Amino acid sequence: MANKEKHVTLDDLCRTVQSYFPEAQIDRIKKAYAFADNAHKGQLRSSGDPYIIHPLEVAYTLAEMKMDIASIITALLHDTVEDTDVSSADITKEFGADVAALVDGVTKLSQITFRTTEEKQAENFRKMIIAMAKDIRVILVKLADRLNNMRTLDFLPEEKQRIIAQETLDIYAPIANRLGMGWIKIELEDLCLRHLHRDAYVRLTERISKKKKERDAYIESLCVTFNEKLKEYDMNAQVSGRAKHFYSIYKKIERRSVDFDQINDIIAFRIIVDNITECYKALGVIHALFLPVPGRFKDYIAMPKANNYQSLHTTVIGPEGERVEIQIRTQEMHQVAERGIAAHWQYKEGKFESKSRENTEWVTRLLEWQKDLSDPNEFLETVKIDLFAEDVFIFTPTGEVKQLPFGSTPLDFAFAVHTDVGNKCVGAKVNGKQVPLKHRLKSGDTVEIITSPNQQPSKDWLKIVKSSRAKAKIRAFIKTQERDRAMEIGTELVDKELKKYELSPSKIEKSGQLIKVAQDLSLRTVEELRVSVGYGRVSLSDIISRLLTKEEIDKRLVALHQPETPKPEVGFLKKMFKHATKPRESKTAIKVANLNDVLIRFAKCCNPLPGDSIVGFITRGRGVTIHSGNCPKAIDTDQERKIDVQWNIHPNSQFRHQVRIRILSTDEPGLLAMLSQTISHSNINITSANVRVTKDKKAVAIFEVEVTDLSQLHKVMSALEAKKGVISVERTRN
């Protein structure tokens, strides 16, 4: 399933489909090709090729995945509705409702962009998940489409290449992984590395190609050794070896802060045997042959990954002291590992087998949670946790297995057992020993939860838990508490205000006047009205002005010798801003929705820059605090206190923001001077610099600089990354 050097043809596509589905209606595929070719007539790709080449190659990728005929036809037609005069009705008429629905789903996914604000991203994630839940084939066609686009990305402008590559790395590669489609994930990640970190990619390819001859000889020799040893035990095994893909090597270099030459585990072997018993038998043979590395054995056969992946993983010390990773699996497991969810497609019936439905349970789960998570940031975080999480397997005292994200704690386990167990959790025993709630669990741990009827979740728990389920349940509990408090405050404030104007709260409510006020303010119930007053979203003057005329208000105020009702927000908002001073908005460069005299402060935890997505939170006595949209502290803050904010930067503004940059490089003479010069040449002021050398002779430089916006920061980071010896450049938070 590697990238093709020459374009595929319609005959290639038909032959491939017939190889796994001899009864396929090839005439329907040819009809779809002719239809698409006619629709795209005269259109060219950025490469100069006829546009029809793209849908044909997308269809061929799906044929390699052995997908059903409706998916193949959808791939051929997937751009017709969006890019030509063809309508959905035309597709239905010519190819049926099933294909039309799939084309419509792919078209909608193609219109989704993930390059806007956090709120927009979350909404787009919702659309994607809903489309996937309706028919998982939609995302499979989209993945094949994105793969072909990434393969031909060189023909686009460099900035667009980076945008598409980043979106692919953030969204589509993790989705491919979650659906068990390892080969697509690997190729997408390598292509993303090439376009996002071109210098690092070139360095890697050069170094790997230099050692190709000796590596190939090493792999061939070890394959012979493995095969001979396995035959001694009457095992019929297929053994193959390869260098790991570039992106995984790149991440290892970054994670360990080492140079390429210090990475000694870049070779991986795969052993495919006839049955599960032989998997474990082969493992014993390998461990008898070479010394296993402690802590590097994982049994994904007994406990499969969330994407249904099964294999035994081990690392051994091979010849010449090389660390060698080995995967052992059956042929069926190999099919699932390579093709993921597509491995279970039933071609004639056009339905998934029950086994592959397990692969989409996470989509259904997210679909359920998105109904409860109204806040976009919370939902976005939930999706990302589910997409990126590696898993650990934890046992209950009775032997039941719970699958949790890597880094989970006893609190995550408690919520996985039951919401009530999580809410009442006061402690835990791991393998019989008492541990704190923030203790990190490891695969194989047995956990016993200790509960108390007097316990309830707190905001601090959000800093401890890792799983999206636990976070959602804790936030739901806190939100209910906050709402109850807002209801109490709002009720008190509304009743007092009504009495001030000699209005009876009970009579006003019974007469239906209050519900009319609520509906005028786009609220459904009187309860929502009171809660909104408690949170400061609705002012008391908004309510009174809808119950009394201006003349009646003035008359009653005069009678009571009271000043006119103040118009600013009340409730929480008024209390929060009690000690706030009036800001100078031109200097803060921030606009706050509907408020002009609010103190603005930037959160030190994330230090947002113009260009970052931002969110504001009302803070007691300190006005509005501005966080970046993806700041963990912002996500954990009470979302009911959130207020709309946006950048208000003048094009010629000289307002500068302090940012910290971390640079990892090889330790060379004149390093600090070279880095400082690069930054200065970008017209950026350096306020402090610090360099330290690690034990493995790497230099870690921390620069604090002043920049005008995110664009300027990205430019200087790119300039630094291009310098010889620089391994990585990243923006760090305070």
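For the structure itself, consult the block above.
Just so we're clear, the structure is a prediction, and the values are computed from it rather than from any experiment.

The rules behind each value
- Residues numbered from 1 in each chain as written.
- Predicted model: local features only at pLDDT ≥ 70, side-chain atom pairs only at ≥ 80, totals over all residues.
- Heavy atoms only, no water.
- Buried < 20%, exposed > 50% of the residue type's maximum accessible area, 1.4 Å probe, protein only.
- Helix = DSSP H or I, 4+ residues; strand = E, 2+ residues; numbered from the N terminus.
- Pairing = 2+ DSSP bridges.
- Axes fitted to C-alpha atoms, helices over the stretch in contact; angles between N-to-C directions.
- Phe/Tyr/Trp six-rings, centres within 6.5 Å; stacked < 30°, edge-to-face > 60°.
- Lys NZ or Arg CZ within 6 Å of the ring centre and 35° of its normal.
- Parallel < 35°, antiparallel > 145°, perpendicular 65-115°, else oblique.
- Left-handed = near helix turned anticlockwise from the far one by under 90°.
- Contact = heavy atoms within 4.5 Å.
- Nonpolar A, V, L, I, M, F, W, Y, C, P; charged D, E, K, R; others polar.

### Considering the pairing of strand S2 (residues 267-273)
At step 1: S2 sits mainly inside the fold: seven of its seven residues count as buried.
At step 2: Burial of the side chains of S2 extends over both faces: Ile267, Phe269, Ile271 and Val273 are buried on one face and Ala268, Arg270 and Ile272 on the other.
At step 3: In this sheet, S2 lies alongside strand S1 (residues 238-243) in antiparallel orientation, the contact comprising six bridges. Bridged to Gln238 within S2 is Ile272.

### Describing the sheet that holds strand S11 (residues 425-430)
At step 1: The three strands are arranged S12-S11-S13 in an open sheet whose pairing can be described as antiparallel. With partners counted over all chains shown, the strands left at the sheet margins are strand S12 (433-435) and strand S13 (447-451), one partner each. This sheet shows a mean twist of 35° between the axes of neighbouring strands, independent of strand direction.

### Remarks on the environment of Asn454
At step 1: Its location among the elements puts Asn454 in the loop between S13 and helix H22 (461-464).
At step 2: The spacing of Asn454 and Asn423 is 31 residues in sequence and 9.8 Å in space, taken between C-alpha atoms.

### A short note on the packing of aromatic side chains
At step 1: For the structure on display, the rule yields eight aromatic pairs.
At step 2: Arranged with centres 5.3 Å apart and planes meeting at 80°, the rings of Tyr201 and Phe246 form a pair that is edge-to-face. Here the residue Tyr201 occupies a position in helix H12 (residues 198-210), and Phe246 occupies one in helix H14 (residues 246-256), the gap between them amounting to 45 residues.
At step 3: Following the ring pairs from residue to residue traces out a cluster consisting of Phe226, Phe269 and Phe290.
At step 4: The ring centre of Phe95 lies 5.2 Å from the NZ or CZ of Lys31, which sits over that ring.

### Observations regarding the packing of helix H25 (residues 513-520) against helix H27 (residues 540-547)
At step 1: Their axes nearest at 10 Å, the elements H25 and H27 cross at an angle of 120°. The angle between H25 and H27 falls in the class oblique. Two packed elements cross with a definite hand, and for H25 against H27 that hand is right-handed. Residues Gln513, Leu514, Val517 and Asp520 of H25 pack against Ile543, Arg546 and Leu547 of H27.
At step 2: Here the contact of H25 with H27 is built from residues that sort into four nonpolar, one polar and two charged.

### Observations concerning the sheet that holds strand S18 (residues 642-643)
At step 1: Reading across the sheet, the four strands line up as S15-S17-S16-S18 and stay open at both edges, with mixed pairing between neighbours. At either margin of the open sheet sits one strand with a lone partner, and together these are strand S15 (600-602) and S18.
At step 2: Relative to strand S17 (residues 623-628), strand S16 (residues 614-619) is paired through six bridges, and the arrangement is antiparallel. Each residue of the ladder has a partner; that of Val615, found in S17, is His627.

### Let's talk about the pairing of strand S10 (residues 401-405)
At step 1: Where strand S9 (residues 391-395) and S10 come together, five bridges link them in antiparallel fashion. Bridge pairing in S10 links Phe393 to Gln403.
At step 2: Remark: five residues form the turn of the hairpin made by S9 and S10, two consecutive strands paired antiparallel; Gly399 in that turn has positive phi of roughly 95°.

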